[in-house]
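Take a look at the letters that make up each chain.
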Amino acid sequence: MKRKITLFIATTALLGAVLVSAALGDNSAASSQRPSKGARVALGKTTLGKVLVDARGRTLYLFEKDGHGKSACYGACATYWPPLVSSAKPRPARGVRASLLGVSKRTDGKRQVTYAGHPLYTFFGDRKAGQTSGEGLTDFGAAWDAVAASGRAVESTASPSGGTGGYGGGYGGGYGG
C-alpha cells in the first residue's frame, strides 16, 4: 500500500513539473514563426548495438501492448514513456528507412511517430544519449524494447537496468486509457 501511495505522489509531482514546464515554454513571436520541422529519427550506438534514437540521441522504444499502429500508452504510462510526437512529417537520418517512418494519431490529437507500424517512445530514465535503461522493462502491462533499423524489437538477454519491473512497478494497469 505504501508503494502505491509513493508511486502516486511521484507521478503527481512529475506531472506537475511537466505542466509547469509546458506553461513556461517559449511563447515569443519568433518561435511561432519558425517553420515546423518533423521529428528526426536516427541510428545511435548503444550497448545493445545500433538502435533508433531521437534528435537528442535518446533511445526509442516500442511497447508490445500497442496494436495496429495505435498507442496503448496514456496517462501515467505516457509520463514515464513519453511518445515521440511530430507536427510535421518525420525526418529520417542516414540508416533509417523513410518508407518505415509514419505517424499515428493519439487520442489527444497529437501525431505520434511510428516505425514499421510501431508507435515510438522515449524513456524518462534515459537522461543521456545512448542509454538503454528502459530495455526489457515490463511497465504498464507489456514489455518495452529498443528498435532496430529493421523495425524489429531489439531483445537483450538481461535488462541493462539490473532488474525487471522498473518505473511504474507494474501498477500501470489502472492508470490512463
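Residues numbered from 1 in each chain as written. Predicted model: local features only at pLDDT ≥ 70, side-chain atom pairs only at ≥ 80, totals over all residues. Heavy atoms only, no water.

## Section: the sheet that holds strand S3 (residues 61-63)
Strand-to-strand pairing in sheets goes through backbone hydrogen bonds, with the strands running parallel or antiparallel. Spatially, S3-S8-S9 is the arrangement adopted by the 3 strands of the open sheet, whose pairing is antiparallel. Looking at strand neighbours, the two that pair on one side only are S3 and strand S9 (153-154), the edges of this open sheet. (Pairing = 2+ DSSP bridges. Helix = DSSP H or I, 4+ residues; strand = E, 2+ residues; numbered from the N terminus.)

## Here's the deal with the state of the cysteines
Within the structure shown, the criterion is met by 1 disulfide. Here Cys-73 engages in a disulfide with Cys-77; their sulfurs sit 2.0 Å apart. Between Cys-73 and Cys-77, the S-S torsion sits near -110°, and that sign places the bridge as left-handed. By the burial criterion, Cys-73 is buried, and Cys-77 matches it. (Disulfide = S-S within 2.5 Å. Buried < 20%, exposed > 50% of the residue type's maximum accessible area, 1.4 Å probe, protein only.)

## Re the packing of aromatic side chains
Applying the stated criterion across every chain, the model contains 8 aromatic pairs. Residues Phe-63 and Trp-144 carry aromatic rings whose centres are separated by 4.0 Å and whose planes lie at 10° to one another, so their mutual orientation is stacked. On the criterion of sequence distance, the pair formed by Phe-63 in strand S3 and Trp-144 in strand S8 (residues 144-147) is long-range, its members being 81 residues apart. Per residue, the accessibility class of Phe-63 equals that of Trp-144, and both read buried. Pairing Tyr-80 with Phe-124 gives two aromatic rings, centres 4.9 Å apart and planes at 65°, and the pair type is edge-to-face. Pair noted here: Tyr-80 is in helix H3 (residues 76-80) and Phe-124 is in the loop between strand S7 (118-119) and S8, with a separation of 44 residues, a long-range link. (Phe/Tyr/Trp six-rings, centres within 6.5 Å; stacked < 30°, edge-to-face > 60°.)

Geometric values such as these leave the question of function open.
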